[in-house]
Amino acid sequence: MTYKIVSKKELAPTIKMFEMGAPVVARKAKAGQFVILRIKERGERIPLTIADANPERGAITLVVEEIGKTTKELGRLNEGDSVLDLVGPLGNPMDIRKYGRVVCIGGGSGVAPVYPLTKALKKAGNKVTSIIGAKTRELLILEGEMQETSDEFYITTDDGSKGHRGFVTDILRKLLDEGKQIDLVVAVGPVPMMKAVADTTKPNKIRTLVSLNPIMVDGMGMCGACRVTVGEKTKFTCVDGPLFDGHLVDFDELAARRQLYEPEEKRALKAYEEKIGGADDS
Ligand SMILES: Cc1cc2nc3c(=O)[nH]c(=O)nc-3n(C[C@H](O)[C@H](O)[C@H](O)COP(=O)(O)OP(=O)(O)OC[C@H]3O[C@@H](n4cnc5c(N)ncnc54)[C@H](O)[C@@H]3O)c2cc1C
Ligand code: FES
């Protein structure tokens, strides 16, 4: 069975949004879960978060940032093309209930995985404050969707080209300094960003959930490639997560493990780019 791309939209020059026909996944998916996808027979398996699910259309939405060979290959596919495998929903859904005031933070392409959480938290009756950040305004994604599901909405860019100039944590700190009651913080984005958010909320003891992004292979708890240390215990992100208590995560170990295959990834990307420079990419 293959999985068809129903629609494709460019959210930013290197970020594409795909709607994929996957009726079973669409029916079962809950906020916080992901799929593992393989483009073709000789392709690798990569995890991608279910950014939205539409059971009536039998489709799920995936947002892909092109950072290496497989994501670039995926980014070149178009409406009507198919991928070979799509397994899911995987991982634990978030415990969606009424917490009170929740601050949802998305950094870079991490806005895509935080969006379904924001939407579900709002629907469950929470007051939602969202902060989304990117390097520049061109890299901000899902701005309208995030604003629509938030009671309070902030944008930050590193270069100040839109919203506050600086980091998402500047706004979080401002909210804390104003003495605002915050019952839960959820952050998804680059590892240094999630670490900075957890460091900001730790002194105030505000519960902080982060969605971890280690290297995955099977996504079903069978290999341990995705292991992380949380509260000095080893956890497998694909079955125990991907959401964890940010105050207990060993972020430095996560960052180091994510770089384990850097030379191989660079070689694969170089070879792929040389290949698509001329011939077809089958
Ligand atoms: C639970 C989870 C959800 C994710 N959701 C999204 C999403 O919604 N959108 C999105 O764009 N990205 C998401 N990612 C990250 C995405 O899986 C990687 O960007 C992708 O695997 C990179 O593959 P590549 O061949 O293009 O890049 P590569 O050149 O192979 O790798 C670039 C970097 O990506 C990471 N990476 C490489 N292989 C894997 C792998 N098999 N599993 C996880 N990380 C890997 C490594 O840190 C590496 O340094 C998610 C990751 C996890 C674990
Ligand atoms: S990816 Fe293999 S155990 Fe999680």
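Refer to the structure presented above.
Residues numbered from 1 in each chain as written. Chains lettered and ligands numbered in written order. Predicted model: local features only at pLDDT ≥ 70, side-chain atom pairs only at ≥ 80, totals over all residues. Heavy atoms only, no water.

### Let's talk about the pairing of strand β14 (residues 208-211)
Threshold: Only protein chains enter the calculation, and the probe is 1.4 Å; a residue is then buried if its accessible area is under 20% of its type maximum, exposed if over 50%, and partly exposed in between. Numbering goes from the N terminus for both helices and strands, where a helix is a DSSP run of H or I of at least four residues and a strand is a run of E of at least two. Two strands are counted as paired when DSSP detects at least two bridges linking them. By convention, orient the strands away from the viewer: a clockwise path from the first strand over the helix to the second makes the crossover right-handed.
Alternating positions in β14 separate into two faces, T208 and V210 on one and L209 and S211 on the other, with burial throughout. Across 3 bridges, strand β13 (residues 184-188) lies against β14 in parallel orientation. Bridging across to β14, V185 finds its partner in T208. At this point the chain moves from β13, through helix α6 (residues 191-201), to the parallel β14, and the crossover so formed is right-handed. Where β14 and strand β17 (residues 243-245) come together, 3 bridges link them in antiparallel fashion.

### Regarding the nonpolar core
Stated precisely, the cut-off is as follows: Here, nonpolar core refers to any group of buried Ala, Val, Leu, Ile, Met, Phe, Trp, Tyr and Cys residues whose side-chain atoms link them within 4.5 Å. For this analysis, residues touch if any pair of their heavy atoms sits within 4.5 Å.
Judged by nonpolar contacts, the single largest core of 31 residues is most densely connected at V63, M94, L121, I141 and L142. Residue assignment for this core shows that the elements contributing at least two residues are β1 (3-12), β2 (15-21), β9 (101-107), α3 (111-123), β10 (127-134), β11 (152-157) and β13. Element by element, the count of residues in this core is highest for α3, at 6 residues. Among all residues touching L142, those that are not within four sequence positions of it are L11, M17, V111, A112 and Y115. The next biggest cluster of nonpolar side chains, apart from the first, holds 26 residues, and it includes I131, L172, I182 and L254.

### Brief notes about the site of ligand 1
Defined as follows: A molecule or strand has a residue near it when one of that residue's heavy atoms lies within 4 Å. N or O atoms within 3.5 Å of each other form a polar contact, as long as, within protein, one can give a hydrogen and the other can take it, and as long as residues adjacent in sequence are counted only when both atoms are side-chain atoms. Under this grouping Gly is polar, as are all residues other than the nonpolar Ala, Val, Leu, Ile, Met, Phe, Trp, Tyr, Cys and Pro and the charged Asp, Glu, Lys and Arg.
As a matter of local geometry, ligand 1 sits amid 22 residues, with E44, P47, V63, E65 and T71 nearest to it. V63 places a main-chain nitrogen or oxygen 2.7 Å from a nitrogen atom of ligand 1. Within the backbone of E65, a nitrogen or oxygen atom sits 2.8 Å from an oxygen atom of ligand 1. For the shell around ligand 1, the secondary structure elements donating two or more residues are β4 (46-49), β6 (59-65) and α2 (69-75). Residues belonging to the shell around ligand 1 are distributed by class as follows: 11 nonpolar, 5 polar and 6 charged.

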